[in-house]
Amino acid sequence: MNFDDELYRDITGFAHDTPTWVQHTAEVWTEAGILLFGAMFVVAWWRSRSGSPRAFAIAVLAPVATAVAYVCSEVVKSGFSQERPCRAVAGAVPSLAECPPTGDWSFPSNHATIAGASAVTLVLVRRALVWLTAPLALLMAFSRVFVGVHYPHDVVAGLVFGALVAAVAVRAGTRPATRLAEALWTSSAPGVRWLTGTGPRAAFDRRR
(Lines give C-alpha, C1' and ligand atoms only; values in the text may rest on other atoms or scores of the structure.)
Protein backbone atom coordinates (compact mmCIF):
# COMPACT_ATOMS: atom_id res chain seq x y z
CA MET A 1 0.00 0.00 0.00
CA ASN A 2 3.11 2.28 0.01
CA PHE A 3 2.44 3.49 -3.52
CA ASP A 4 -1.16 4.25 -2.61
CA ASP A 5 0.01 6.13 0.49
CA GLU A 6 2.36 8.23 -1.62
CA LEU A 7 -0.34 8.95 -4.20
CA TYR A 8 -2.71 9.92 -1.41
CA ARG A 9 -0.10 12.32 0.00
CA ASP A 10 0.47 13.82 -3.45
CA ILE A 11 -3.24 14.38 -4.12
CA THR A 12 -4.04 15.81 -0.70
CA GLY A 13 -0.94 17.97 -0.82
CA PHE A 14 -2.05 19.32 -4.19
CA ALA A 15 -5.52 19.91 -2.74
CA HIS A 16 -4.08 22.14 -0.01
CA ASP A 17 -2.30 24.23 -2.66
CA THR A 18 -5.48 24.92 -4.64
CA PRO A 19 -7.54 28.11 -4.16
CA THR A 20 -10.02 28.13 -1.29
CA TRP A 21 -13.00 28.12 -3.65
CA VAL A 22 -11.72 24.92 -5.29
CA GLN A 23 -11.43 23.26 -1.90
CA HIS A 24 -14.93 24.33 -0.89
CA THR A 25 -16.33 23.17 -4.22
CA ALA A 26 -14.73 19.75 -3.79
CA GLU A 27 -16.12 19.44 -0.26
CA VAL A 28 -19.63 20.33 -1.45
CA TRP A 29 -19.42 18.12 -4.54
CA THR A 30 -18.64 14.97 -2.54
CA GLU A 31 -22.21 15.18 -1.20
CA ALA A 32 -23.95 17.23 -3.89
CA GLY A 33 -23.03 14.64 -6.51
CA ILE A 34 -25.37 12.15 -4.85
CA LEU A 35 -28.20 14.69 -4.97
CA LEU A 36 -27.51 15.40 -8.65
CA PHE A 37 -27.65 11.71 -9.53
CA GLY A 38 -30.87 11.47 -7.53
CA ALA A 39 -32.36 14.31 -9.57
CA MET A 40 -31.30 12.55 -12.77
CA PHE A 41 -33.09 9.39 -11.62
CA VAL A 42 -36.28 11.41 -11.15
CA VAL A 43 -35.96 12.96 -14.62
CA ALA A 44 -35.26 9.54 -16.15
CA TRP A 45 -38.38 8.08 -14.50
CA TRP A 46 -40.53 11.02 -15.58
CA ARG A 47 -39.38 10.78 -19.21
CA SER A 48 -39.84 6.99 -19.22
CA ARG A 49 -43.55 7.43 -18.46
CA SER A 50 -44.04 8.05 -22.19
CA GLY A 51 -41.72 5.26 -23.31
CA SER A 52 -41.85 1.51 -23.70
CA PRO A 53 -42.57 -0.94 -20.86
CA ARG A 54 -38.94 -2.02 -20.81
CA ALA A 55 -37.63 1.56 -20.75
CA PHE A 56 -39.97 2.38 -17.88
CA ALA A 57 -38.85 -0.72 -15.98
CA ILE A 58 -35.16 0.12 -16.35
CA ALA A 59 -35.72 3.73 -15.28
CA VAL A 60 -37.48 2.56 -12.12
CA LEU A 61 -34.87 -0.12 -11.45
CA ALA A 62 -31.94 2.32 -11.78
CA PRO A 63 -32.17 3.88 -8.30
CA VAL A 64 -33.14 0.53 -6.78
CA ALA A 65 -30.05 -1.12 -8.26
CA THR A 66 -27.92 1.76 -6.98
CA ALA A 67 -29.32 1.22 -3.49
CA VAL A 68 -28.50 -2.49 -3.77
CA ALA A 69 -24.92 -1.62 -4.73
CA TYR A 70 -24.64 0.68 -1.72
CA VAL A 71 -25.87 -2.01 0.68
CA CYS A 72 -23.43 -4.52 -0.79
CA SER A 73 -20.64 -1.96 -0.40
CA GLU A 74 -21.48 -1.58 3.27
CA VAL A 75 -21.27 -5.35 3.72
CA VAL A 76 -17.87 -5.48 2.00
CA LYS A 77 -16.65 -2.47 4.00
CA SER A 78 -17.42 -4.19 7.31
CA GLY A 79 -15.44 -7.21 6.17
CA PHE A 80 -12.24 -5.29 5.37
CA SER A 81 -12.32 -2.81 8.29
CA GLN A 82 -9.66 -0.60 6.70
CA GLU A 83 -8.80 2.58 8.61
CA ARG A 84 -9.24 5.94 6.90
CA PRO A 85 -6.09 7.41 5.33
CA CYS A 86 -6.67 10.71 7.13
CA ARG A 87 -5.60 8.83 10.29
CA ALA A 88 -3.44 6.05 8.89
CA VAL A 89 -1.08 7.75 6.39
CA ALA A 90 1.97 9.20 8.07
CA GLY A 91 3.20 12.57 6.86
CA ALA A 92 -0.03 13.49 5.05
CA VAL A 93 -1.49 16.98 5.33
CA PRO A 94 -4.75 17.29 7.31
CA SER A 95 -7.84 16.28 5.34
CA LEU A 96 -10.01 19.08 3.97
CA ALA A 97 -13.13 17.25 5.10
CA GLU A 98 -13.62 16.04 8.65
CA CYS A 99 -12.07 12.60 9.07
CA PRO A 100 -14.82 10.05 9.77
CA PRO A 101 -14.60 8.28 13.14
CA THR A 102 -12.99 4.90 13.60
CA GLY A 103 -15.49 2.24 12.63
CA ASP A 104 -16.57 4.17 9.53
CA TRP A 105 -14.16 2.18 7.39
CA SER A 106 -12.47 3.27 4.18
CA PHE A 107 -12.64 0.39 1.68
CA PRO A 108 -14.50 0.55 -0.61
CA SER A 109 -15.77 4.10 -0.93
CA ASN A 110 -19.55 4.22 -0.60
CA HIS A 111 -19.68 7.52 -2.46
CA ALA A 112 -17.71 6.05 -5.36
CA THR A 113 -19.91 2.96 -5.30
CA ILE A 114 -23.02 5.10 -5.58
CA ALA A 115 -21.39 7.18 -8.32
CA GLY A 116 -20.40 4.12 -10.36
CA ALA A 117 -23.80 2.49 -9.92
CA SER A 118 -25.68 5.68 -10.77
CA ALA A 119 -23.58 6.36 -13.85
CA VAL A 120 -24.03 2.87 -15.27
CA THR A 121 -27.75 2.53 -14.56
CA LEU A 122 -28.50 5.93 -16.08
CA VAL A 123 -26.58 4.87 -19.19
CA LEU A 124 -28.76 1.76 -19.33
CA VAL A 125 -31.74 4.10 -19.34
CA ARG A 126 -30.27 6.22 -22.11
CA ARG A 127 -26.88 5.48 -23.68
CA ALA A 128 -26.14 9.09 -24.64
CA LEU A 129 -25.98 9.95 -20.92
CA VAL A 130 -22.56 8.29 -20.71
CA TRP A 131 -20.99 11.61 -21.75
CA LEU A 132 -22.51 13.21 -18.66
CA THR A 133 -22.65 10.48 -16.04
CA ALA A 134 -19.13 9.07 -16.53
CA PRO A 135 -17.31 12.40 -15.92
CA LEU A 136 -19.60 13.18 -12.98
CA ALA A 137 -18.90 9.79 -11.39
CA LEU A 138 -15.14 10.15 -11.88
CA LEU A 139 -15.17 13.65 -10.38
CA MET A 140 -17.23 12.48 -7.45
CA ALA A 141 -14.87 9.59 -6.79
CA PHE A 142 -11.75 11.74 -7.14
CA SER A 143 -13.20 14.34 -4.78
CA ARG A 144 -13.21 11.77 -1.97
CA VAL A 145 -9.43 11.45 -2.25
CA PHE A 146 -9.03 15.19 -2.85
CA VAL A 147 -10.72 16.06 0.46
CA GLY A 148 -8.64 13.40 2.19
CA VAL A 149 -11.11 10.78 3.39
CA HIS A 150 -10.26 7.90 1.02
CA TYR A 151 -7.31 6.16 -0.58
CA PRO A 152 -7.18 6.11 -4.40
CA HIS A 153 -7.76 2.35 -4.38
CA ASP A 154 -10.92 2.87 -2.30
CA VAL A 155 -12.58 4.97 -4.98
CA VAL A 156 -11.40 2.84 -7.90
CA ALA A 157 -12.80 -0.26 -6.22
CA GLY A 158 -16.01 1.59 -5.38
CA LEU A 159 -16.57 2.73 -8.95
CA VAL A 160 -16.00 -0.74 -10.41
CA PHE A 161 -17.94 -2.55 -7.68
CA GLY A 162 -20.90 -0.19 -7.89
CA ALA A 163 -21.05 -0.37 -11.67
CA LEU A 164 -20.92 -4.18 -11.73
CA VAL A 165 -23.43 -4.81 -8.94
CA ALA A 166 -25.92 -2.27 -10.30
CA ALA A 167 -25.63 -3.57 -13.86
CA VAL A 168 -26.27 -7.14 -12.69
CA ALA A 169 -29.21 -5.99 -10.56
CA VAL A 170 -30.83 -4.14 -13.47
CA ARG A 171 -30.28 -7.08 -15.80
CA ALA A 172 -31.81 -9.52 -13.30
CA GLY A 173 -34.79 -7.30 -12.60
CA THR A 174 -35.67 -6.00 -16.07
CA ARG A 175 -37.91 -8.85 -17.18
CA PRO A 176 -40.09 -9.08 -14.04
CA ALA A 177 -40.18 -5.29 -13.74
CA THR A 178 -41.34 -5.01 -17.35
CA ARG A 179 -44.15 -7.47 -16.70
CA LEU A 180 -45.12 -5.52 -13.59
CA ALA A 181 -45.16 -2.26 -15.57
CA GLU A 182 -47.47 -3.77 -18.17
CA ALA A 183 -49.78 -4.97 -15.39
CA LEU A 184 -49.81 -1.55 -13.76
CA TRP A 185 -50.73 0.14 -17.05
CA THR A 186 -54.02 -1.75 -17.06
CA SER A 187 -54.99 -0.12 -13.77
CA SER A 188 -57.42 2.80 -13.69
CA ALA A 189 -56.35 3.94 -10.21
CA PRO A 190 -55.33 7.65 -10.32
CA GLY A 191 -52.18 7.06 -8.26
CA VAL A 192 -51.01 4.27 -10.54
CA ARG A 193 -51.84 6.29 -13.65
CA TRP A 194 -49.72 9.16 -12.32
CA LEU A 195 -46.85 6.82 -11.47
CA THR A 196 -46.73 5.09 -14.83
CA GLY A 197 -47.95 7.94 -17.04
CA THR A 198 -50.53 7.91 -19.79
CA GLY A 199 -48.30 7.66 -22.85
CA PRO A 200 -47.00 4.13 -22.25
CA ARG A 201 -50.50 2.92 -21.36
CA ALA A 202 -51.90 4.19 -24.65
CA ALA A 203 -49.15 2.44 -26.59
CA PHE A 204 -49.68 -0.75 -24.59
CA ASP A 205 -53.47 -0.62 -25.17
CA ARG A 206 -52.98 -0.24 -28.91
CA ARG A 207 -50.87 -3.42 -28.94
CA ARG A 208 -53.68 -5.25 -27.16
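Look up a bit, the structure's there.
Quick look at the structure, then. Given the structure is predicted, the values throughout are model-derived calculations rather than measurements.

## Observations concerning the state of the cysteines
This model, assessed by the stated rule, comprises one disulfide. For Cys-86, the disulfide goes to Cys-99, at an S-S distance of 2.1 Å. Judged by the sign of its S-S torsion, about 75°, the cystine formed by Cys-86 and Cys-99 is right-handed. Placement of Cys-86 in helix 4 (residues 85-88) and of Cys-99 in the loop between helix 4 and helix 5 (110-125) is noted, with a sequence separation of 13 residues between them.

## Concerning the side chain of Thr-12
Relative to the elements of secondary structure, Thr-12 occurs in helix 1 (residues 2-17). When residues no more than four places from it in sequence are discounted, the contact partners of Thr-12 are Val-93, Val-145, Phe-146 and Gly-148.

## Regarding the packing of aromatic side chains
Within this structure, the stated rule accounts for five aromatic pairs. Judged by centre distance (6.0 Å) and plane angle (50°), the ring pair of Tyr-8 and Tyr-151 falls under tilted. Taken together, the positions of Tyr-8 in helix 1 and Tyr-151 in the loop between helix 6 (130-146) and helix 7 (152-184) put the pair 143 residues apart, joining distant regions of the chain. The same class applies to Tyr-8 and to Tyr-151, which are both buried. Ring plane angle 70° and centroid distance 4.8 Å describe the contact between Phe-80 and Phe-107, whose orientation is recorded as edge-to-face. In this pair, Phe-80 sits in helix 3 (residues 53-80) while Phe-107 sits in the loop between helix 4 and helix 5, placing the two residues 27 residues apart along the sequence. What makes Phe-107 buried here is its relative accessible area of 15%.

## Observations regarding helix 2 (residues 20-48)
End to end, helix 2 covers 41 Å across 29 residues, agreeing with the expected 42 Å (1.5 Å per residue, within 8%). Of all bends in helix 2, the biggest is about 45°, found at Thr-30.

## Here's the deal with the side chain of Thr-30
Along the chain, the position of Thr-30 falls in helix 2. A polar side-chain atom of Thr-30 sits 2.8 Å from the main-chain carbonyl oxygen of Glu-27. Not counting chain neighbours up to four residues away, the residues in contact with Thr-30 comprise His-111, Met-140, Ser-143, Arg-144 and Val-147.

The rules behind each value
The numbers attached to residues start from 1 for each chain and follow its sequence in the written order. Per-residue local features of the predicted model are confined to residues with pLDDT of at least 70, and side-chain atom pairs are confined, for both listing and counting, to 80 or more; whole-chain, interface and lining totals are unaffected and use all residues. Here the side-chain values reflect all heavy atoms present in the structure, with hydrogen atoms and water set aside. To count as a disulfide, a pair of cysteine sulfur atoms needs to be within 2.5 Å. Put simply, DSSP marks the helices as runs of H or I at least four residues long and the strands as runs of E at least two long, and each gets a number from the N terminus on. Two residues form a contact once any of their heavy atoms are found within 4.5 Å. The criterion for an aromatic pair is that two Phe, Tyr or Trp rings (for Trp, the six-membered ring) have centres within 6.5 Å, with stacked assigned to planes under 30 degrees apart, edge-to-face to planes over 60 apart and tilted to the rest. Exposure is judged per residue with a 1.4 Å probe applied to protein chains only, and the accessible area is read against the type maximum: over 50% gives exposed, under 20% gives buried, and values in between give partly exposed. In this analysis, the expected span of each helix is defined as 1.5 Å times one less than the number of residues it contains. Bend, in this description, refers to the angle at a residue between axes fitted to the seven residues ending there and the seven starting there. Polar contacts, as counted here, are pairs of nitrogen or oxygen atoms within 3.5 Å of one another; within protein the pair requires one atom able to donate a hydrogen and one able to accept it, and residues that are adjacent in sequence qualify only if both atoms are side-chain atoms.

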